[in-house]
Amino acid sequence: MHMGGVNLDQGEIHYSITYSGDVGFMPKEIMPKHLIVSFKDNKILFDISAPFGNSGILNLSNPETGIFDTYINLLGFKYFYPANPGENYPGFEAMEGMEIHKTPGTTVICGFNCKSAEVSFPGDDARKYKIWYTDEIKVKNPNAATPYSEINGVLMKFFFVMNQTELHFEAETVYKKDISDKIFERKDKYLRISRQDIDEIIDKFVSM
């Protein structure tokens, strides 16, 4: 059920994904079109899955148990990297040094009141982006381990830069639903690899 303007403490947010920049040779039809974020209290799971072959990237944040994991399914191979608390998830090196400035604008997205901020990159005046976030969805530190960690609100319209590719996300629906604690536990059947190795695989995933 869609719940706008309510202080939610658990549920799902569904985002559309659009791409810009260098998107490699992968046809647009088979690139991930949706991000699903599941949240409960201060636990959050990002799921960017491609519409074929179970390929995708999961980012899991469970501060209570110190889990900040990145999981990758790619063509049947399953890898994961456990980041330390305070460490950014792999794949965001291209966003290092970005600056976030809160701005006075407000809007409503999916029925939630949202605030705005401007993101810029030093030495590149042409790249300025507006992002939107809400504090009406009750997740503590929802952006832990991401480049947006200083934003204390759930992002409703934002972007990631991975390698040379920009992924732009916009919330389309928010559902209030009971979320099982199990999905925030460390997953098995994934091979643990180094940060450098998972960075290289993420680069391949977004620029195939």
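Rules of the game
Residue indices begin from 1 for each chain and proceed along its sequence in written order. With the structure being a predicted model, the display of local features is reserved for residues of pLDDT at least 70 and the display and counting of side-chain atom pairs for 80 or more, all residues being used for whole-chain, interface and lining totals. Side-chain measures were taken over the full set of non-hydrogen atoms in the model, leaving aside hydrogen atoms and water. Here, a strand pair is defined by DSSP locating no fewer than two bridges between the strands. By the criteria applied, helices consist of DSSP H or I runs no shorter than four residues and strands consist of E runs no shorter than two, each listed in order from the N terminus. Within this scheme, the nonpolar core is defined by two criteria: the residues are buried Ala, Val, Leu, Ile, Met, Phe, Trp, Tyr or Cys, and they are joined through side-chain atoms within 4.5 Å. Classification of residues uses two cut-offs on accessible area relative to the type maximum, computed with a 1.4 Å probe and protein chains only: under 20% is buried, over 50% is exposed, and between them is partly exposed. In this description, contact between two residues means that some pair of their heavy atoms is separated by no more than 4.5 Å. Disulfides are defined as pairs of cysteine sulfur atoms found within 2.5 Å of each other. The term salt bridge refers to a side-chain nitrogen of Lys or Arg lying within 4 Å of a carboxyl oxygen of Asp or Glu.

Peer 1: Got a minute to help me understand the sheet that holds strand β9 (residues 124-134) in this structure?
Peer 2: Strand pairing in a sheet relies on backbone hydrogen bonds, with the paired strands running either antiparallel or parallel. Sheet architecture is open: 12 strands sit in the order β7-β8-β9-β10-β11-β1-β2-β3-β4-β5-β6-β12, paired in mixed fashion. A single partner strand is all that each edge strand has here, and the edge strands are β7 (99-109) and β12 (191-192). Strand direction decides the pairing type here: strand β1 (residues 10-21) and strand β2 (residues 34-40), joined by 7 bridges, are antiparallel. Looking across to β2, one finds that I13 is bridged to V37.

Peer 1: Sorry, what's going on with the nonpolar core here?
Peer 2: Side chains that are nonpolar tend, in soluble globular proteins, to be buried together. Counting residues in each nonpolar core, the largest one holds 59 residues, and the members touching the most others are Y148 and M156. Ranked by residues supplied to this core, first place goes to strand β10 (residues 154-162) with 8 residues. When neighbours within four sequence positions are excluded, Y148 is seen to be in contact with M95, M98, I100, V119, I131, N143, L155, F158, F159 and F160. By size, the runner-up hydrophobic cluster in this structure holds 9 residues, among which are L45, L58, Y71 and Y190.

Peer 1: Whenever I open this one, the state of the cysteines confuses me. Can you help?
Peer 2: Covalent bonding between the sulfur atoms of two cysteines is what defines a disulfide. By the definition in use, this model includes 0 disulfides. Counting only cysteine sulfurs, C110 is the nearest neighbor of C114, a cysteine outside any disulfide, at a range of 8.1 Å.

Peer 1: I would appreciate a short explanation of the pattern of salt bridges in the present structure.
Peer 2: Two side chains of opposite charge can pair, provided their charged atoms sit close to one another. For the structure shown, the criterion picks out 11 salt bridges. The partner of D69 in a salt bridge is R186, and the shortest N-O contact between them spans 2.8 Å. Of this pair, D69 sits in strand β5 (residues 67-74) while R186 sits in the loop between β11 (165-176) and β12, placing them 117 residues apart in sequence. When its relative accessible area of 0% is taken as the criterion, D69 is described as buried. Classification of R186 by relative accessible area gives partly exposed; the value is 41%. Close ionic contact of K115 with D135 constitutes a salt bridge, the shortest N to O distance being 3.1 Å. Of this pair, K115 sits in strand β8 (residues 112-121) while D135 sits in the loop between β9 and β10; the two residues are 20 residues apart in sequence, bridging distant segments of the chain. With a relative accessible area of 36%, D135 lands in the partly exposed category. Put simply, K40, K43, E64 and D181 are held in one network by salt bridges that share partners.

Nothing here speaks to function; it is geometry throughout.
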